[in-house]
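These are the residues of each chain, in order.
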Amino acid sequence: MIPEKLLEILKQDGVVAIATLGQDGPHMVNTWNSYVRISSDGRLFIPAGYMNKTEANVACNPNVLITLGSSKVQGLRGAGTGYLIKGKAAFITSGPDFDFMKAKFSWLRATLAITIDSATQTL
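Residues numbered from 1 in each chain as written. Predicted model: local features only at pLDDT ≥ 70, side-chain atom pairs only at ≥ 80, totals over all residues. Heavy atoms only, no water.

A. Here's a closer look at the overall build of the protein chain. Across its full length, the protein chain holds 3 helices and 7 strands. Counting from the amino terminus, helix and strand elements in the protein chain follow one another as α-β-β-β-β-α-β-β-α-β. For 123 residues, the compact-globule estimate of 2.2 N^0.38 gives 14 Å, and the C-alpha radius of gyration of the protein chain, at 14 Å, lies within 12% of that figure. Projected onto its principal axes, the C-alpha coordinates of the protein chain cover approximately 40 × 35 × 25 Å. Expressed as a percentage of the 123 residues in the protein chain, the buried residues total 41%. When the accessible surface of the protein chain is summed, it comes to about 6,600 Å², and 55% of that surface belongs to carbon and sulfur atoms. (Helix = DSSP H or I, 4+ residues; strand = E, 2+ residues; numbered from the N terminus. Rg over C-alpha atoms; globule rule 2.2 N^0.38 Å. Buried < 20%, exposed > 50% of the residue type's maximum accessible area, 1.4 Å probe, protein only. Areas by Shrake-Rupley, 256 points an atom, 1.4 Å probe, with all protein chains shown as cover.)

Structure, rendered in C-alpha cells:
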C-alpha cells in the first residue's frame, strides 16, 4: 500500500531520482513527480524515453532505490518531506501497462514498472 503522504508528494512539482546497480557500478537517472503513475495493483509506472543504462542494469539486477519529495508537503519536522522507496523494477515494452502509459506520454519507448518493497518517509 502506498502511504497517503507519498500520494500527496506525487501531486507536487519535484524531482525523482532512480538508482540502479550494474556490472560497472551504481547509476542514477531523474524524472519528474508529475510523470509517475500508480497502477491498480500499487506499482509505480514511470515513462522511459531513454533510460538505456537503467534498463541494462535492471536486466542484471532488478533492485532499485528511488527518492522523491516536495517542499510543499508537511514533513516529520516541518515543511517539506521525502521518501526512500526500495523495490524491484522491470521495463515493459508492450501490453496493457505499456499502452496505459503510452496514452499519457506519447514519447515513451518503455514503461518502467516498480513493485514497492518498502516506502520510508525520510524528512
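B. Representation of the side chain of N57. Here N57 is to be found in helix α2 (residues 52-60). Apart from residues no more than four positions distant in its own chain, N57 is found in contact with T20, L21, G22, G25 and H27. (Contact = heavy atoms within 4.5 Å.)

C. Focus on the pairing of strand β4 (residues 44-48). A large share of β4 lies buried, amounting to 5 of its 5 residues. Of the two faces of β4, the one lined by L44, I46 and A48 and the one lined by F45 and P47 are each fully buried. Between the end of strand β3 (residues 37-38) and the start of β4, which pair antiparallel, lie 5 residues, with G42 showing a positive phi angle near 85 degrees. (Pairing = 2+ DSSP bridges.)

D. Molecular detail of the nonpolar core. Residues I18, M51, I66, L68, L112 and I114 are the most contacted members of the largest nonpolar core, which totals 24 residues. Contributions of two or more residues to this core are made by α1 (4-10), β1 (15-22), β4, β5 (63-74), β6 (79-92) and β7 (110-121). Setting aside residues up to four positions removed in sequence, M51 forms contacts with I18, V29, I46, F91, R109 and L112. In terms of nonpolar packing, the next biggest core, distinct from the first, is built from 7 residues, F98, M101, F105 and L108 among them. (Core = buried A, V, L, I, M, F, W, Y, C linked by side-chain atoms within 4.5 Å.)

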